[in-house]
Amino acid sequence: VIRGLATKKMDGSLENKLLVLGQQVQVGIFLGVSLATIGYLRVYLTNGSHENAFAISLSLFFIVLSSTVLGTTLPFLLFELGVDPANAGTSIQVIMDILGVTITCVTCNFVLTRFAETVAATPDALPLFPV
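What counts as what
Residues numbered from 1 in each chain as written. Predicted model: local features only at pLDDT ≥ 70, side-chain atom pairs only at ≥ 80, totals over all residues. Heavy atoms only, no water. Patch = residues over 30% accessible without salt bridge, like charges linked within 9 Å, V, L, I, M, F, W, Y side chains within 5 Å. Areas by Shrake-Rupley, 256 points an atom, 1.4 Å probe, with all protein chains shown as cover. Salt bridge = Lys/Arg side-chain N within 4 Å of Asp/Glu carboxyl O. Helix = DSSP H or I, 4+ residues; strand = E, 2+ residues; numbered from the N terminus. Buried < 20%, exposed > 50% of the residue type's maximum accessible area, 1.4 Å probe, protein only. Contact = heavy atoms within 4.5 Å. Expected span 1.5 Å × (residues − 1). Axes fitted to C-alpha atoms, helices over the stretch in contact; angles between N-to-C directions. Parallel < 35°, antiparallel > 145°, perpendicular 65-115°, else oblique. Left-handed = near helix turned anticlockwise from the far one by under 90°. Nonpolar A, V, L, I, M, F, W, Y, C, P; charged D, E, K, R; others polar. pLDDT = per-residue confidence, 0-100. Core = buried A, V, L, I, M, F, W, Y, C linked by side-chain atoms within 4.5 Å.

1. Description of a nonpolar patch on the surface
Then, in step 1: A cluster of nonpolar side chains, Val27, Phe30 and Leu31, forms an exposed patch at the surface whose accessible area comes to about 280 Å².
Then, in step 2: Looking at the secondary structure, you find Phe30 in helix α2 (residues 14-47).
Then, in step 3: What makes Phe30 exposed here is its relative accessible area of 57%.

2. Focus on the environment of Thr68
Then, in step 1: Structurally, Thr68 is set in helix α3 (residues 50-80).
Then, in step 2: For the pair Thr68 and Asp84, spaced 16 residues apart in sequence, the C-alpha separation works out to 19 Å.
Then, in step 3: Among residues more than four places away in sequence, those in contact with Thr68 are Gln24 and Gly28.

3. Observations regarding α2
Then, in step 1: Here α2 contains 34 residues, and its C-alpha end-to-end distance of 46 Å stays within 8% of the 50 Å for a straight helix at 1.5 Å per residue.
Then, in step 2: Inspection of α2 places Asn16, Val20, Gly28, Gly32, Ala36, Gly39 and Val43 among the buried residues, and these make up the whole buried set.
Then, in step 3: Elements in contact with the buried residues of α2: α3.
Then, in step 4: Following α2 by one or two positions, Gly48 has its phi on the positive side, about 80 degrees.

4. A closer look at the pattern of salt bridges
Then, in step 1: As enumerated under the stated definition, the model contains two salt bridges in all.
Then, in step 2: Between Lys17 and Glu80 there is a salt bridge, and its shortest N-O distance comes to 3.1 Å. Here the residue Lys17 occupies a position in helix α2, and Glu80 occupies one in helix α3, the gap between them amounting to 63 residues.

5. Focus on the packing of α3 against helix α4 (residues 88-121)
Any two packed helices are characterised by how steeply their axes cross, that is the angle between the axes, and by the distance between the axes.
Then, in step 1: Between α3 and α4, the least distance of the axes is 8 Å, while the angle of their chain directions is 150 degrees. Between α3 and α4, the angle falls in the class roughly antiparallel. Crossing hand, α3 versus α4: right-handed.
Then, in step 2: Classifying every residue of the contact of α3 with α4 gives 20 nonpolar, nine polar and one charged.

6. Looking at α4
Then, in step 1: Between the first and last C-alpha of α4 there are 47 Å, a value that for 34 residues agrees with the 50 Å anticipated at 1.5 Å per step.
Then, in step 2: Along α4, the positions that sit buried rather than exposed are Ala88, Ile92, Met96, Gly100, Ile103, Thr107, Cys108 and Val111.
Then, in step 3: Along its buried surface, α4 packs onto α1 (2-6) and α3.

7. Let's talk about the confidence of the model for the protein
Then, in step 1: When pLDDT is averaged across the protein, the result is 88; 93% of the residues are at 70 or more.
Then, in step 2: The least confident element of the protein is α1, whose mean pLDDT is 76; the most confident is α2, at 94.

8. What about the nonpolar core?
Then, in step 1: Listed in full, the eight residues of the largest apolar core are Ile63, Leu70, Leu74, Leu78, Ala88, Ile92, Met96 and Ile103.
Then, in step 2: Counting residues per element, the ones that place at least two in this core are α3 and α4.

The following block contains the structure:
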C-alpha cells in the first residue's frame, strides 16, 4: 500500500481502498487461521490445556487480522491527511504492540472467564474440551 501510494499506482480513491482492504482481509484471515492453528498446538503441547490453547489461538487470530486491517488503512489515512504514507510503518509497530497485548488480555479474560462460569454453574459438567 505504501509503495503503491508513493509510486502513484494507487490513487487513494474509495473504490481502490475497498478493493485493497478486501484483499488484505482475506490474507489476514488466512494468516490468522494458520498462526492460530500453530499457536493452539504449541500451547496445548506445552501446557496441556485446551482452554488456554483456545484462548491464546483466538487472540492470535484477532491480532493478525487487526494488524492486516491497520496496516492497510493507516497508509491511506495518512495519504488523505497529506502526510507521507511511509510514516505508517513505525506507527503500526507501536500501535500493534499495544493493541496486541490488549487483544490478548481481553480475549483470554473473556474466554477463560466464560469457561470458569460454565464450570462453576454446573459442578458435575465435563470440561469444555475433555483431555
